[in-house]
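If you want the building blocks of each chain, they are given just below.
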Amino acid sequence: MPPETVTPSKTGTGAHAMDRTQARARAARNHKLLVYGTRVLLLVGLIGLWEWLARAAVIDPFNFSMPSKIWDQMTQWALHGTPQGSLWEQIWYTLYEALLGWVIGVIGGVVLGIALGRIRFLADVLGPYIKVLNALPRIVLAPIFLIWFGLGPASKVASAVVLVFFPVFFNAFQGAREVDRNLVANSRILGASSRQVTLQVVIPSATSWIFTSLHVSFGFALIGAIVGEYIGATKGLGLLVAASQGTFNAAGVYAAMVILAVVALLAEGLLAFLEKRLFRWKPADAGTDR
């Protein structure tokens, strides 16, 4: 009589797999909590050390200020306004300039990057000019824009545009060049026109490249707006920095920087959320499962 064979239970296998999945999820959640907790502790430690060094006169509190004075300055601006008007008005003014410059720079960079990536003749003709313009220190263009467009938002938007355009352009250009040639050839075989190939194959393939540049480019847009306001403006956070510096108010300078950092972090979080929503089909990074 043949020996009995034991077959594994499907129920047991499924339960085991579920346990492993739950264990991975628990480990990932614990790792995330550990990372966030360490970040908070590091920030609290740095702020506490700064406050202690300033109060103990190890560092000059007049030049370096201290976190408590920076918080008091931010509270005063929020409750009583700034010499230039409401704090929220200053934030919105800078954010408006940065957003408008970012949108224009992104659209221009994507359109021109895809066009030059797809049309070699355009790339050969315009490539040297773009490289020369990219080599220029674009921050120094801010005074020129101020002369051209005045103290209004147009000069700050122009500064933001030139800072945003180039990283987006080069990523879009590289993304268009890196499209799988077999995929393009198969689309041609199926009868797709050049326009259809660009819209339905090239642009979707280059989207991940473009989104990579968007994370960095919004910070550049804020820099462009702030530099323009610092040089000459009637409103904005850059003007707050310049006014605080002119009155030797170190707490005001740091307070404006903190506000800018919060705005940049919120924008980065929004972009990361949109990227996750748009790229749900992408597999998770290998390191996320560890």
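Structure shown above.
Residues numbered from 1 in each chain as written. Predicted model: local features only at pLDDT ≥ 70, side-chain atom pairs only at ≥ 80, totals over all residues. Heavy atoms only, no water.

A tally of regular secondary structure across the chain gives eleven helices and zero strands. Reading the chain from its N terminus to its C terminus gives the helix and strand order α-α-α-α-α-α-α-α-α-α-α. In the chain, which comprises 290 residues, the share counted as buried stands at 32%. Excluding contacts between residues fewer than 6 apart, the proportion of contacts in the chain whose partners are at least 24 apart in sequence is 74%. If you sum the accessible surface of the chain, you get close to 18,300 Å²; carbon and sulfur atoms cover 69% of it. (Helix = DSSP H or I, 4+ residues; strand = E, 2+ residues; numbered from the N terminus. Buried < 20%, exposed > 50% of the residue type's maximum accessible area, 1.4 Å probe, protein only. Contact = heavy atoms within 4.5 Å. Areas by Shrake-Rupley, 256 points an atom, 1.4 Å probe, with all protein chains shown as cover.)

Tallied over the full model, the rule gives two salt bridges. Across the pair glutamate 51 and arginine 55 runs a salt bridge, and its minimum N-O distance is 2.6 Å. Taken as a pair, glutamate 51 and arginine 55 lie in helix H1 (residues 10-55) at a separation of four residues, close to a single helical turn. Where glutamate 89 meets lysine 235, a salt bridge forms, and the shortest distance between an N and an O atom there is 2.5 Å. Highlighted residues: glutamate 89 in helix H4 (residues 87-118) and lysine 235 in the loop between helix H9 (194-231) and helix H10 (237-246), separated in sequence by 146 residues. On the basis of relative accessibility, which here comes to 28%, the residue lysine 235 falls in the partly exposed class. (Salt bridge = Lys/Arg side-chain N within 4 Å of Asp/Glu carboxyl O.)

Further remarks concern the packing of aromatic side chains. Tallying each qualifying case throughout the model produces ten aromatic pairs. The rings of Phe165, Phe166, Phe169, Phe170 and Phe173 are connected pair by pair, giving a single aromatic cluster. (Phe/Tyr/Trp six-rings, centres within 6.5 Å; stacked < 30°, edge-to-face > 60°.)

Another aspect to go through is the packing of helix H6 (residues 141-149) against helix H7 (residues 153-177). Where H6 contacts H7, the two axes come as close as 8 Å, and the packing angle between them is 145 degrees. Crossing of H6 against H7: the hand is right-handed. Counted together, Ala142, Phe145, Leu146 and Phe149 of H6 and Ala154, Ser155, Lys156, Ala158, Ser159 and Val162 of H7 form the full contact between these two elements. Grouping the constituent residues of the contact of H6 with H7 by class yields seven nonpolar, two polar and one charged. (Axes fitted to C-alpha atoms, helices over the stretch in contact; angles between N-to-C directions. Left-handed = near helix turned anticlockwise from the far one by under 90°. Nonpolar A, V, L, I, M, F, W, Y, C, P; charged D, E, K, R; others polar.)

Now for the packing of H4 against helix H5 (residues 120-135). Each pair of packed helices can be summarised by the angle the axes make with each other and by the distance between the axes. Axis separation between H4 and H5 bottoms out at 6 Å; the angle between their running directions is 125 degrees. When the interaxial angle is binned, H4 and H5 end up oblique. Judged by residue contacts, Leu112, Leu116 and Arg118 of H4 engage Arg120, Leu122, Ala123, Leu126 and Ile130 from H5. Across the contact of H4 with H5, the residue classes break down as six nonpolar, no polar and two charged. (Parallel < 35°, antiparallel > 145°, perpendicular 65-115°, else oblique.)

What follows covers the environment of arginine 55. A relative accessible area of 59% places arginine 55 in the exposed class. The spacing of arginine 55 and methionine 66 is eleven residues in sequence and 8.0 Å in space, taken between C-alpha atoms. Ignoring any residue separated from it by four or fewer positions in sequence, one finds arginine 55 in contact with Met66 and Ser68. Among the polar contacts listed, one links the side chain of arginine 55 to the side chain of serine 68, at a separation of 3.4 Å. (Polar contact = N/O pair within 3.5 Å; in protein donor to acceptor, adjacent residues only side chain to side chain.)

Ranked by internal contacts, the top residues of the largest apolar core, which has 34 residues, are Trp77, Leu87, Trp102, Leu214, Leu237 and Ile259. When contributions to this core are tallied by element, the ones reaching two or more residues are helix H3 (67-80), H4, H7, H9, H10 and helix H11 (250-278). In terms of residue count, H9 provides more of this core than any other element does, nine residues in total. Sequence-distant contacts of leucine 237, defined by excluding residues within four places in its chain, comprise Leu87, Gln90, Ile91, Thr94, Ile226, Glu229, Ala256, Ile259 and Leu260. (Core = buried A, V, L, I, M, F, W, Y, C linked by side-chain atoms within 4.5 Å.)

Further remarks concern unusual backbone geometry. Positioned with a positive phi, alanine 57 is a non-glycine residue whose angle comes to about 65 degrees. Structurally, the position occupied by alanine 57 is in the loop between H1 and helix H2 (61-64). The exposed category is assigned to alanine 57, whose relative accessible area is 57%. Positive phi, normally seen in glycine, also occurs at serine 65, with a value near 55 degrees. Tracing the backbone shows serine 65 in the loop between H2 and H3.

The subject of this paragraph is the side chain of glutamine 73. Positionally, glutamine 73 belongs in helix H3. Ignoring anything within four residues of it in the chain, the contact list for glutamine 73 reads Asn249, Ala251, Gly252 and Ala255.

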